[in-house]
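Breakdown of the fold
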Amino acid sequence: MATKYDCIVIGSGQAGGPLAGAFAKAGKKTALVERTHIGGCCVNEGCTPTKTMVASGRVAYLARRGPDYGVHLTSNAGQFDLLSTENSLKVDMKKVRERKRKIVESFRGGNERRLKEAGVDILMGEGSFINANTVKVKIEGAQDVTITAETICINTGERPSPPKITGIESVPKELVLDSASIMELDKVPKHLLVVGGGYIGVEFGQLFRRLGAQVSIVQRGSQLMPREDRDVTETLHQILSDDGINILLNSSVDSVTYDSSKGITLSTHSKDGNNQSITGSHLLYAAGRIPNTEALNLDAAGIQSHAKGYIICNERLETTAPGVYVLGDVKGPPAFTHISYDDFRILQANLITNANKTTEVRTIANRIIPYVAYTDPQLAHVGLHESEAREKYPGRKIKTAKMPMNYVARALETDESRGLMKAVVDGDSGEILGFTCLGIEGGEVMAVVQMAMVGGVSYEKLRDGIWAHPSLAESLNNIWGFLE
Ligand SMILES: Cc1cc2nc3c(=O)[nH]c(=O)nc-3n(C[C@H](O)[C@H](O)[C@H](O)COP(=O)(O)OP(=O)(O)OC[C@H]3O[C@@H](n4cnc5c(N)ncnc54)[C@H](O)[C@@H]3O)c2cc1C
Ligand SMILES: NC(=O)c1ccc[n+]([C@@H]2O[C@H](COP(=O)([O-])OP(=O)(O)OC[C@H]3O[C@@H](n4cnc5c(N)ncnc54)[C@H](O)[C@@H]3O)[C@@H](O)[C@H]2O)c1
């Protein structure tokens with residue numbers, strides 16, 4: 001016998017949880033189906049734990065660099081070596097992990113509490129469609145439950161792509177890591193081999209280098225972070241190399257072997273003939289993520305998906321099945337928490353607060369999309385890249401301005417002046433089309449420019465504005481001098 005609900009949400013990611021709460025608060029009988037843990041990837045295995053650990057990495061980095069600022073930590077029987085150029089230190093990985101676990105638990109607990117307070121029925125199990133109005137929930141150790149609703153929302157996210165390397169089965173499982181298992185290590189790996197030079201590869205690569213590991217990144221593409229402008233990623237590449245990370249570009253991993261005395265050896269081949277073997281102690285496979293759609297039995301509901309498994313939807317997040325909506329990463333890139341959360345706001349408006357369509361229906365069209373890769377310095381971007389702007393607007397006078405961070409007083413004063421800023425504008429109208437800051441607190445500087453873009457404020461207004469001295473935002477007076 002099926003239990004009848006007004007709304008069912010499958011997956012408690014950054015959209016599903018808030019949406020289930022909003023349905024319930026609006027008086028709709030709501031079920032939330034979650035197979036692993038409330039809060040989804042961001043809270044449990046993504047943003048929250050990584051950025052907590054990145055903070056430990058930054059403390060290690062600054063502590064080591066103490067002598068640059070005249071601060072010495074190394075003490076030998078009370079004697080400080082004032083000639084040392086780097087403090088030596090020890091990282092307690094168990095403490096790093098404990099700090100991460102505590103923050104994750106507290107965030108997850110907050111999510112669970114809010115859902116219960118809103119009156120959502122939480123069903124811990126795996127959801128799959130029987131038809132477009134009916135969902136079966138497989139609950140471990142209990143009987144399946146069948147539930148129905150006129151409105152069903154899918155927010156099932158993605159998971160790490162499993163390693164596809166010949167010979168991977170010969171490597172002990174505990175040495176083959178993904179973005180979740182790497183955060184459960186209790187020791188710093190001796191030499192971390194990273195396959196993939198995207199967000200996860202560069203964030204974890206730098207983090208573990210700072211925690212004391214040797215790190216090698218193998219990237220198939222011709223640059224790190226393939227979607228970014230090449231001049232920006234070349235600067236990031238230089239920064240990570242200066243930090244001691246070994247980076248192989250244009251390199252694909254052919255096979256892997258394991259030897260208990262030597263470790264893991266990756267054989268790579270490169271388009272330019274630079275074939276190399278590299279040996280390390282642990283392997284992080286960070287070559288992308290895949291959508292959680294197999295278990296959903298989408299066909300039974302008439303929900304169509306792309307060849308890669310992402311669920312097809314229109315600008316109002318409606319799938320091909322009436323009454324079924326999709327939110328977050330499972331509908332395809334861009335895969336960010338704030339995009340998933342915006343999907344929630346769109347459906348909250350269209351299905352709850354503006355259900356009778358008194359104001360305009362909200363859509364995902366023309367969203368200004370910001371993001372930050374939490375390397376240090378951060379790589380923050382909003383809007384169009386230079387190449388995208390030139391391709392999208394062939395008739396407009398596209399101009400770019402690029403300024404190194406060592407032109408920024410605040411960055412010099414704090415001795416953290418690595419990186420650059422880059423702006424893309426319409427030279428005739430002054431409209432800001434895109435902005436990148438690879439610099440200290442790049443995400444916060446980017447947000448200032450994003451605000452101007454949201455408000456239609458021209459670059460000239462930023463150029464002529466009065467910014468507090470010496471703030472990082474003050475650089476928005478000067479960057480425009482580099483327009484060309
Ligand atoms: C290491 C890492 C770091 C990241 N850092 C950032 C960052 O700094 N900033 C940022 O914006 N983004 C970051 N992201 C991306 C971000 O985590 C995701 O974009 C975000 O979590 C949005 O996910 P979502 O809402 O689509 O669903 P998810 O958070 O992925 O949640 C989906 C949920 O659905 C559940 N589920 C799946 N299938 C079923 C089923 N059949 N039945 C029931 N439940 C199911 C899953 O168990 C999961 O809990 C990071 C990702 C990773 C992996
Ligand atoms: N700070 C953030 O906002 C943040 C952090 C982490 C993850 N994320 C999200 O999660 C998504 C997934 O991250 P990701 O880093 O796994 O994927 P990604 O798509 O960003 O990067 C994967 C990289 O692996 C490379 N690659 C693929 N196959 C390879 C192979 N066989 N050998 C060598 N290199 C290979 C690709 O060229 C690509 O650069 C991101 O796109 C992003 O949306 C965001």
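Everything numeric in this text was worked out from a predicted model, so none of it was measured.

1. What to know about the site of ligand 2
As a matter of local geometry, ligand 2 sits amid 26 residues, with Gly 196, Gly 198, Ile 200, Arg 220 and Ala 287 nearest to it. For the shell around ligand 2, the element with the most residues is helix H5 (residues 199–211), which contributes 4 residues. Each residue belonging to the shell around ligand 2 can be placed in one class, and the counts come to 15 nonpolar, 8 polar and 3 charged.

2. Considerations on helix H8 (residues 337–353)
For H8, built from 17 residues, the straight-helix expectation of 24 Å at 1.5 Å per residue is met to within 8% by its first-to-last C-alpha distance of 22 Å. Residues Thr 337, Ile 339, Ser 340, Asp 343, Phe 344, Ile 346, Leu 347, Gln 348 and Leu 351 constitute the buried set of H8. Contact partners of the buried residues in H8: helix H1 (16–25), helix H2 (40–44), helix H3 (47–64), strand S10 (151–154) and strand S21 (324–326).

3. Some thoughts on the domain arrangement of the chain
Each domain of the chain was delimited in the assignment, giving domain 1 (1–159 + 288–367), domain 2 (168–287) and domain 3 (370–482). Between the C-alpha centres of domain 2 and domain 3 the distance comes to 30 Å. Listed as interface residues are 12 residues of domain 2 and, on the opposing side, 16 residues of domain 3. Counting residues per element, the ones that place at least two in the side of domain 2 that touches domain 3 are H5 and helix H6 (230–242).

4. Structural notes on the site of ligand 1
By nearness alone, 38 residues border ligand 1, and Gly 11, Gly 13, Gly 40, Gly 157 and Gly 328 come closest of all. If you list the elements that add at least two residues to the shell around ligand 1, you get strand S3 (30–34), H2, H3, strand S7 (126–131) and H8. Looking at the shell around ligand 1 residue by residue, the class counts come to 13 nonpolar, 18 polar and 7 charged.

5. Some words on the sheet that holds strand S23 (residues 378–383)
The strand order across the open sheet formed by 5 strands is S22-S23-S26-S25-S24, and the pairing between neighbours is antiparallel. Strand pairing shows two members of the sheet lacking a second neighbour, strand S22 (370–373) and strand S24 (398–404), which therefore form its edges. Neighbour-to-neighbour, the strand axes of this sheet turn through a mean angle of 10 degrees, independent of strand direction. Packing of helix H11 (residues 442–454) onto the sheet brings it into contact with S22, S23 and strand S26 (432–439), and relative to S23 it is tilted by some 10 degrees.

6. Concerning unusual backbone geometry
The step from Asp 376 to Pro 377 runs through a cis peptide bond, and the omega angle for that step is 5 degrees. Relative to the assigned elements, Pro 377 resides in the loop between S22 and S23. Omega for the peptide link from His 469 to Pro 470 comes to -5 degrees, which places this bond in the cis form. Although it is not a glycine, Lys 357 adopts a positive phi angle of roughly 55 degrees. Structurally, the position occupied by Lys 357 is in the loop between H8 and S22.

7. Describing the sheet that holds strand S1 (residues 3–4)
As summarised here, the arrangement of the 4 strands in space is S1-S9-S8-S7, forming an open sheet in which the pairing is mixed. Because the sheet does not close on itself, it has two edges, and the strands there are S1 and S7. In the sheet, S1 pairs with strand S9 (residues 145–148) via 2 bridges, with the strands oriented parallel. The residue bridging Thr 3 from the neighbouring strand is Ile 147, located in S9.

8. A short note on the pairing of strand S25 (residues 420–426)
A large share of S25 lies buried, amounting to 6 of its 7 residues. Relative to S25, S24 runs antiparallel, the two sharing 7 bridges. The partner of Ile 398 across the bridge, within S25, is Asp 426. Across 6 bridges, the pairing between S25 and S26 is antiparallel. Bridge pairing in S26 places Met 421 opposite Cys 437. If you look at the hairpin formed by S25 and S26, you'll find 5 residues sitting between the two strands, and Gly 430 has a positive phi there, around 85 degrees.

9. Description of the environment of Gly 456
One can find Gly 456 in the loop between H11 and helix H12 (459–464). The spatial distance from the C-alpha of Gly 456 to the C-alpha of Gly 430 is 9.7 Å, given a sequence separation of 26 residues.

10. Describing the environment of Cys 7
Considering the arrangement of structural elements, one finds Cys 7 in strand S2 (residues 7–10). Judged by the 25 C-beta atoms lying within 10 Å of it, Cys 7 is buried. Separated by 272 residues in the primary sequence, Cys 7 and Thr 279 place their C-alpha atoms 52 Å from one another.

Criteria and cut-off values
- The written sequence of each chain sets the order in which its residues are numbered from 1.
- Throughout, the order in which chains and ligands are written sets their labels, letters from A for the former and numbers from 1 for the latter.
- Confidence filtering applies because this is a predicted model: local features only for residues at pLDDT of at least 70, side-chain atom pairs given and counted only at 80 or more, and all residues used for totals across whole chains, interfaces and linings.
- Any residue whose backbone-placed C-beta atom lies within 6 Å of a molecule or strand is treated as near that molecule or strand.
- Runs of E in the DSSP output that reach at least two residues are strands. Runs of H or I that reach at least four are helices, and both are numbered from the N terminus.
- Throughout this entry, Asp, Glu, Lys and Arg are counted as charged residues, while Ala, Val, Leu, Ile, Met, Phe, Trp, Tyr, Cys and Pro are counted as nonpolar. The remaining residues, Gly among them, count as polar.
- To estimate how far a helix should extend, the number of its residues minus one is multiplied by 1.5 Å.
- To assign burial, the other C-beta atoms lying within 10 Å of each residue's own C-beta are counted, with C-beta atoms placed from the backbone; 20 or more indicates buried, 12 or fewer indicates exposed, and intermediate counts indicate partly exposed.
- Residues are defined as contacting one another if the C-beta atoms placed from their backbone atoms lie within 7 Å.
- Domain start and stop positions are those given by an automatic or database domain assignment.
- Note: two strands are recorded as paired if DSSP finds a minimum of 2 bridges between them.
- In this analysis, axes come from line fits to C-alpha atoms, helices being fitted only over the stretch in contact, and the angle between any two N-to-C directions falls in the range 0 to 180 degrees.

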